[in-house]
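Observations on the model geometry
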Amino acid sequence: MISCDKAATICNKIQYKEASLSEKLKLRLHLLVCKTCKTFSKKNTELSKLCEKANLHSLTEQEKTAIKKQLKDNPKQPNPTDITHPTTE
Amino acid sequence: MAPHRLQPDNWVDNYADYLYNYAVGRVSNSEVAKDLVSETFLSALKSAKNFKGDAAERTWLIAILKRKVIDYYRKINSNKGKAEVRISYASGTDTDGDWLEEQVADPFSNFENSAIENEELGLAIQKCISKLPKKQALVFNMKTIQGISTDDICNELEINPSNLWVMIHRARTSLMDCLNENWF
């Protein structure tokens with residue numbers, strides 16, 4: 001019998017289609033007896049569906065670094081002390 | 001409530017993906033969306049002095065981005081006449097030559113609603129991702145959104161697969177909690 005930790009890892013792998021057949025079987029068996037993991041597995045699958053439905057986009061690290069550089073090179077960057085709220089002074 | 005402060009150094013890490021998702025939803029072009037995001041940050045830096053501290057940073061930045069999106073459409077429509085809405089026969093499709101009446105939206109379709117709902121969902125997820133610790137957010141992004149393989153991520157970040165799965169697990173658990181109230 002596998003531990004709940006192991007079951008959670010397999011469940012996560014399944015979300016990315018990276019679990020082997022034997023892992024899937026082990027998880028199935030575990031879910032039959034463990035209610036906590038069953039709930040987790042259900043929510044986890046739901047999260048994957050939501051992520052897929054939302055059609056998420058993200059910038060790559062390189063693109064983010066490029067934007068950061070652009071911001072840094074921008075000569076008009078104010079001194080950090082200038083941009084606090086006036087009433088805090 | 002304490003007034004909000006701006007922390008430009010963290011902008012890209014905290015809000016770039018959130019703003020990018022919003023922009024992609026509006027302009028449907030990833031290159032343009034990327035430019036709009038960086039222009040937003042630049043304008044925000046320039047007008048940082050005018051930030052009154054009564055809105056959260058995120059709200060303030062999204063307000064700037066909204067203006068940028070509007071400006072973008074103004075610019076591409078600036079030639080006179082382009083701004084008109086013109087309806088023509090859908091040429092080159094099966095319906096070529098059909099009456100316009102046959103092209104009206106299906107009143108029972110909930111396609112538009114689900115598009116709006118999905119965009120809200122996307123922003124909600126991005127907001128939750130930006131609350132994660134930086135490394136977890138990065139791993140989750142690479143794995144889930146960019147779909148990079150486990151091996152490649154491990155090589156790039158110099159971690160081992162079990163590290164990766166632990167981080168993914170933590171990220172997913174936090175996201176479930178974060179989204180729990182509204183979306184499950």
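In this text, all values refer to a predicted model and were calculated from it rather than measured experimentally.

Per the domain assignment, the segments making up chain B are domain 1 (8-76) and domain 2 (131-183). Here domain 1 of chain B and domain 2 of chain B have C-alpha centroids that lie 25 Å from each other.

The next point concerns the layout of surface pockets. For the largest pocket, the calculated volume is near 350 Å³. As for the largest pocket, its lining consists of 16 residues, of which Gln15(A), Ser48(A), Lys49(A), Glu52(A) and Thr144(B) are closest to the centre. Put simply, the parts of the chain that give the lining of the largest pocket at least two residues each are helix 1 (4-15) and helix 3 (35-54) of chain A together with helix 5 (134-145) of chain B.

Between chain B and chain A, the residue contacts involve 48 residues of the former and 38 residues of the latter. Around 4300 Å² of area is buried between chain B and chain A when both sides are counted, 67% of it from carbon and sulfur atoms. Among the residues of chain B in contact with chain A, Leu45(B), Trp165(B) and Arg172(B) are the three that bury the most area, contributing 15% of the side total. Across the contact surface, chain B and chain A share four salt bridges. Residue Asp17(B) is joined to Lys64(A) by a salt bridge in which the shortest nitrogen-to-oxygen separation is 2.9 Å. Our enumeration of links across chain B and chain A arrives at 13 residue pairs in polar contact (both at pLDDT 80 or more).

Once that is clear, we can look at unusual backbone geometry. Although it is not a glycine, Lys17(A) sits at a positive phi angle of roughly 55°. Within the secondary structure layout, Lys17(A) lies in the loop between helix 1 and helix 2 (21-33).

With that settled, the discussion passes to a nonpolar patch on the surface. A grouping of Met1(A), Leu29(A), Leu32(A) and Val33(A) is seen on the molecular surface, where their side chains present a nonpolar patch of about 520 Å² in accessible area. Following the sequence through the fold, Leu29(A) ends up in helix 2.

What follows covers the pattern of salt bridges. Inspection of every chain in the model, using the stated rule, returns 10 salt bridges over all chains. A salt bridge links Asp13(B) to Lys68(A); the shortest N-O distance between them is 3.1 Å. With Asp13(B) in helix 1 (residues 8-27) and Lys68(A) in helix 4 (residues 61-73), this pair bridges two chains. For the salt bridge of Asp71(B) with Arg74(B), the shortest nitrogen-to-oxygen distance reads 3.9 Å.

All right, on to the packing of helix 4 of chain A against helix 2 (residues 30-46) of chain B then. Running from amino to carboxyl end, helix 4 of chain A crosses helix 2 of chain B at an angle of 30°, the nearest separation of the two axes being 10 Å. By the criterion of interaxial angle, the relationship of helix 4 of chain A to helix 2 of chain B is roughly parallel. When you trace helix 4 of chain A past helix 2 of chain B, the crossing you get is right-handed. Contacts between helix 4 of chain A and helix 2 of chain B involve Glu63(A), Ile67(A), Gln70(A) and Leu71(A) from the former and Lys34(B), Val37(B), Ser38(B), Phe41(B), Leu42(B) and Leu45(B) from the latter. Classifying every residue of the contact of helix 4 of chain A with helix 2 of chain B by side-chain character gives six nonpolar, two polar and two charged.

About the cut-offs
- Residues numbered from 1 in each chain as written.
- Chains lettered and ligands numbered in written order.
- Predicted model: local features only at pLDDT ≥ 70, side-chain atom pairs only at ≥ 80, totals over all residues.
- Heavy atoms only, no water.
- Domains from an automatic or database assignment.
- 1 Å grid on protein atoms, 1.4 Å probe; cavity = no way out; pocket = protein on both sides within 12 Å on 5 of 7 lines; lining within 4 Å.
- Points joined across faces, edges and corners; volume = space filled by probe spheres on them.
- Helix = DSSP H or I, 4+ residues; strand = E, 2+ residues; numbered from the N terminus.
- Contact = heavy atoms within 4.5 Å.
- Buried area = accessible area lost by both parts, 1.4 Å probe.
- Salt bridge = Lys/Arg side-chain N within 4 Å of Asp/Glu carboxyl O.
- Polar contact = N/O pair within 3.5 Å; in protein donor to acceptor, adjacent residues only side chain to side chain.
- Patch = residues over 30% accessible without salt bridge, like charges linked within 9 Å, V, L, I, M, F, W, Y side chains within 5 Å.
- Areas by Shrake-Rupley, 256 points an atom, 1.4 Å probe, with all protein chains shown as cover.
- Axes fitted to C-alpha atoms, helices over the stretch in contact; angles between N-to-C directions.
- Parallel < 35°, antiparallel > 145°, perpendicular 65-115°, else oblique.
- Left-handed = near helix turned anticlockwise from the far one by under 90°.
- Nonpolar A, V, L, I, M, F, W, Y, C, P; charged D, E, K, R; others polar.

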